[in-house]
Amino acid sequence: MNIEKTREGNKLTIKLDGRLDTNTAPELEKELKEALPGVGDLVFDFSDLKYISSAGLRLILSTQKTMNQQGTLVIKNVNDMVMEIFETTGFSDVLTIKETEPLN
């Protein structure tokens, strides 16, 4: 998995490319622990995320709880397969998920 971070003031965008699973979740967790202090708006860009496992879901939920204390978390550009996982697990009711943004 590739993790691309972009910070603008107190807004952090994290773009994930690949699979968020048992093997890659610890890497993202480490990146988040270092990057989240001082972040008011966290955006996950899932346009290139191919798959998310239960380990990835746990990390997203944990990050949501952290961001509830210090700001907002938005997930954007979720593909159909990942969205189906969010809907099946009920995460779509808990998370703020934006529709895919049109390409300009």
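Residues numbered from 1 in each chain as written. Predicted model: local features only at pLDDT ≥ 70, side-chain atom pairs only at ≥ 80, totals over all residues. Heavy atoms only, no water.

Let's talk about the pairing of strand 2 (residues 11-20)
Note the cut-off: Strands are treated as partners if at least two bridges between them are detected by DSSP. Only DSSP runs of H or I covering at least 4 residues are called helices, and only runs of E covering at least 2 are called strands; the numbering of each starts at the N terminus. Crossover handedness is defined by viewing with both strands directed away from the observer: a clockwise path from the first strand over the helix to the second marks the crossover as right-handed.
As paired strands, strand 1 (residues 2-8) and strand 2 are joined by seven bridges and run antiparallel to one another. Looking across to strand 2, one finds that Thr6 is bridged to Thr13. Remark: two residues form the turn of the hairpin made by strand 1 and strand 2, two consecutive strands paired antiparallel; Gly9 in that turn has positive phi of roughly 65°. Summarising the sheet, strand 2 and strand 3 (residues 41-52) pair through nine bridges and their orientation is parallel. Bridged to Lys15 within strand 3 is Asp45. A crossover links strand 2 with its parallel partner strand 3, the connecting element being helix 1 (residues 25-35), and its sense is right-handed.

Structural notes on helix 1
Let me state the cut-off plainly: The buried label applies to any residue whose accessible area, calculated with a 1.4 Å probe on protein chains only, is under 20% of its type's maximum; exposed applies above 50%, and partly exposed to all values in between. Taking the helix axis as origin, the arc is that swept by the directions to the C-beta atoms. In this analysis, two residues are considered to be in contact whenever any of their non-hydrogen atoms come within 4.5 Å of each other.
Of all the positions in helix 1, only Ala25, Leu28, Leu32 and Ala35 are classed as buried. Buried residues of helix 1 fall within an arc of 100° about the axis and therefore sit on the same side. Helix 1 presents Lys30, Lys33 and Glu34 as exposed residues on the side facing more than 90 degrees away from its buried surface. Residues of helix 1 that are buried in the fold lie against strand 1, strand 2, strand 3 and helix 2 (54-70).

Description of the pattern of salt bridges
Spelled out, the test is: When a carboxyl oxygen of Asp or Glu is within 4 Å of a side-chain nitrogen of Lys or Arg, the pair counts as a salt bridge.
Overall, the coordinates contain five salt bridges when judged by the stated rule. Put simply, Arg19 and Asp21 hold a salt bridge, and the shortest N to O gap is 3.3 Å. Classification of Arg19 by relative accessible area gives partly exposed; the value is 43%. Using a relative accessible area of 12% as the deciding quantity, one classes Asp21 as buried. For Glu34, the salt bridge identified is with Lys30, shortest N-O distance 3.7 Å. With Glu34 and Lys30 both in helix 1 and four residues apart, this pair spans about one turn of that helix.

Side note on the sheet that holds strand 4 (residues 72-76)
To keep things clear, this is the line we draw: Here, axes are lines fitted to C-alpha atoms. For helices the fit covers the stretch in contact, and angles between N-to-C directions go from 0 to 180 degrees.
Within the open sheet, the five strands sit side by side as 1-2-3-4-5. Their pairing is mixed. The two strands at the open ends of the sheet, each matched to only one other strand, are strand 1 and strand 5 (97-98). Of the pairings in the sheet, the one linking strand 4 to strand 5 comprises two bridges and is parallel in character. Its bridge partner lying in strand 5, Lys76 is registered against Lys98. Relative to strand 3, helix 3 (residues 80-89) is tilted by about 110°, and along the sheet it contacts strand 3, strand 4 and strand 5.

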